[in-house]
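# Observations on the three-dimensional arrangement
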Amino acid sequence: MAEHVPEGEPARKLTVAEALLGAVVAAVVAAVVVVVAIVSFDANPAWPVVVVVAAIAGGSLGVRRVDSPLVKAAAIGLVLGGVVTLLFWPFFSVG
């Protein structure tokens, strides 16, 4: 029988290599979200809103429901990318 792990506690400690790889994955995914939002603005000025909402919602859901450290890092990257895109929002000129 599997050992019971209380909710909210990781099953095991991450190694330094896993933590660094997770940070790289999160940064790459966050950068991709920002780029997709910027590129989608050329197609339609409303698309960055869809990209940001989808990234934050998907990332939030992924962080809560996924156990794999790399997939969880990608989900964190989605949320960070959405937040960073919101910070760039004033630069999206409609005029």
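Up top is the structure these notes are about.
Residues numbered from 1 in each chain as written. Predicted model: local features only at pLDDT ≥ 70, side-chain atom pairs only at ≥ 80, totals over all residues. Heavy atoms only, no water.

## What to know about the overall build of the chain
Summing up its helical and strand segments, the chain has three helices and zero strands in all. Expressed as a percentage of its 95 residues, the buried residues of the chain come to 22%. Long-range pairs, those at least 24 residues apart, make up 62% of the contacts in the chain between residues at least 6 apart in sequence. Of the accessible surface of the chain, which amounts to about 6,800 Å², a share of 72% is contributed by carbon and sulfur atoms. (Helix = DSSP H or I, 4+ residues; strand = E, 2+ residues; numbered from the N terminus. Buried < 20%, exposed > 50% of the residue type's maximum accessible area, 1.4 Å probe, protein only. Contact = heavy atoms within 4.5 Å. Areas by Shrake-Rupley, 256 points an atom, 1.4 Å probe, with all protein chains shown as cover.)

## Regarding helix α2 (residues 47-65)
Helix length check: α2 (19 residues) gives 27 Å between terminal C-alpha atoms against 27 Å at 1.5 Å per residue, within 8%. Buried residues of α2: Pro48, Val51, Val52, Ala55, Gly59 and Gly62, and no others. Seen end-on, α2 carries its buried residues on one side only, within an arc spanning 115°. More than 90 degrees from the buried face of α2, the exposed residues found are Val53, Leu61, Arg64 and Arg65. Buried-residue contacts for α2 involve α1 (16-43) and α3 (69-87). (Expected span 1.5 Å × (residues − 1). Arc of directions from axis to C-beta.)

## Some remarks on α3
Under the 1.5 Å per step criterion, the end-to-end length of α3 is 27 Å for 19 residues, consistent within 8% with the ideal 27 Å. The secondary structure elements touched by the buried residues of α3 are α1 and α2.

## A word on the side chain of Thr85
Following the sequence through the fold, Thr85 ends up in helix α3. With relative accessibility at 1%, the residue Thr85 sits in the buried group. Only 2.7 Å separates the side chain of Thr85 from the backbone oxygen of Gly81, close enough to count as a polar contact. (Polar contact = N/O pair within 3.5 Å; in protein donor to acceptor, adjacent residues only side chain to side chain.)

## Considerations on the packing of α1 against α2
Relative to each other, α1 and α2 sit at 155°, their axes nearing to 7 Å. When the axis of α1 is compared with that of α2, the two are roughly antiparallel. At the point where α1 passes α2, the crossing takes the right-handed sense. Each of Val33, Val36, Ala37, Ser40 and Phe41 in α1 lies in contact with α2, whose residues at this interface are Trp47, Pro48, Val51 and Ala55. Looking at side-chain class alone, the contact of α1 with α2 contains eight nonpolar, one polar and no charged residues. (Axes fitted to C-alpha atoms, helices over the stretch in contact; angles between N-to-C directions. Parallel < 35°, antiparallel > 145°, perpendicular 65-115°, else oblique. Left-handed = near helix turned anticlockwise from the far one by under 90°. Nonpolar A, V, L, I, M, F, W, Y, C, P; charged D, E, K, R; others polar.)

In short, shape yes, function no, at least from these values alone.
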